[in-house]
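Next come the chains, spelled out residue by residue.
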Amino acid sequence: PAERYLFLQFYTACVSLTAVPIALMLERRRATFAVLAESEARYRLLADFSTDIIMVTGNRGDIRYVSPSIRQLGDYDPARLIGRTTDALIASQHQAEIAAAHRGVMLQPGTTASVEFLGITRASGLRWFESHMRAILREDGGVDGVCSIVRDISHRKRREAELHAVALTDPLTS
């Protein structure tokens, strides 16, 4: 009976020493998932109601995520763009510039690239956009893609053209 009692104590100690760290690890994991879920909800709220396009692309330019605002700005269905490259959305004369900016932020994580370009919309054809890009980093420091914020700047470009025309016009001779 004494040996059984000692074995029971040893067994209880082993179970306790094993179960307590596992319980603590599970609790930390649950707390981490709660924080992640809250962060995801905030991100989705911002992305779903932003007037700018939020786009996440892979290292090769394939679209992983695009916010619903692309419906208003480009007349595209976001779900149908997933997996496609961004080339279909960018005028050919600006594709190389966008690709270079994409590569640049991937090669220098932590930097931001800004590019103005003509984008292709389904409803109105070409339209001016401005994109700010930044690399997405993994925990190990590697690059996992690029996040871009794309804004319609057509109104600004029209105003710049008007001001340019006014600047070149002599008011005394017109």
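Coordinates for the structure precede this section.
Residues numbered from 1 in each chain as written. Predicted model: local features only at pLDDT ≥ 70, side-chain atom pairs only at ≥ 80, totals over all residues. Heavy atoms only, no water.

Caption draft 1: View of the overall build of the protein chain. What the protein chain contains, in helices and strands, is five helices and five strands. Counting from the amino terminus, helix and strand elements in the protein chain follow one another as α-β-β-α-α-α-β-β-β-α. Relative to a compact globule of 174 residues, whose C-alpha radius of gyration would be 16 Å, the protein chain shows 27 Å and is clearly more extended. For the protein chain, the spread of C-alpha atoms along the principal axes amounts to about 115 × 30 × 30 Å. Across the 174 residues of the protein chain, 29% fall into the buried class. For the protein chain, the share of sequence-separated contacts (at least 6 apart) that also reach a separation of at least 24 residues comes to 38%. If you sum the accessible surface of the protein chain, you get close to 12,100 Å²; carbon and sulfur atoms cover 61% of it. (Helix = DSSP H or I, 4+ residues; strand = E, 2+ residues; numbered from the N terminus. Rg over C-alpha atoms; globule rule 2.2 N^0.38 Å. Buried < 20%, exposed > 50% of the residue type's maximum accessible area, 1.4 Å probe, protein only. Contact = heavy atoms within 4.5 Å. Areas by Shrake-Rupley, 256 points an atom, 1.4 Å probe, with all protein chains shown as cover.)

Caption draft 2: The arrangement of unusual backbone geometry in detail. Backbone geometry at Asp 75 places phi at a positive 60°, although glycine is not the residue there. In this fold, Asp 75 is placed in the loop between helix H2 (70-74) and helix H3 (78-81).

Caption draft 3: Seen up close, helix H4 (residues 92-107). The end-to-end C-alpha separation of H4 is 24 Å, in line with the 22 Å expected for 16 residues at 1.5 Å each. Buried residues along H4 sit in contact with strand E1 (53-57), strand E3 (112-121), strand E4 (125-137) and strand E5 (143-152). (Expected span 1.5 Å × (residues − 1).)

Caption draft 4: Expanded view of the sheet that holds E5. Spatially, five strands are ordered E2-E1-E5-E4-E3 in an open sheet, and the strand pairing comes out antiparallel. The two strands at the open ends of the sheet, each matched to only one other strand, are strand E2 (63-66) and E3. Averaged over all neighbouring strand pairs, the angle between strand axes comes to 30°, with direction disregarded. Both E1 and E2 contribute to a ladder of three bridges, which runs antiparallel. Each residue of the ladder has a partner; that of Thr 57, found in E2, is Ile 63. Most of the contacts of helix H5 (residues 154-168) go to E4, to which it runs at about 120°, and overall it touches E3, E4 and E5. (Pairing = 2+ DSSP bridges. Axes fitted to C-alpha atoms, helices over the stretch in contact; angles between N-to-C directions.)

Caption draft 5: A look at the pairing of E4. Of the strand pairs in this sheet, E3 and E4 are connected by 10 bridges, and their pairing is antiparallel. Bridge pairing in E4 links Ser 114 to His 132. Between E3 and E4, which pair antiparallel and follow one another directly, the connecting turn spans three residues. Summarising the sheet, E4 and E5 pair through eight bridges and their orientation is antiparallel. Paired with Arg 134 across the bridge in E5 is Cys 147. Linking two consecutive strands that pair antiparallel, namely E4 and E5, is a turn of five residues; a positive phi of about 95° is found at Gly 141 within it.

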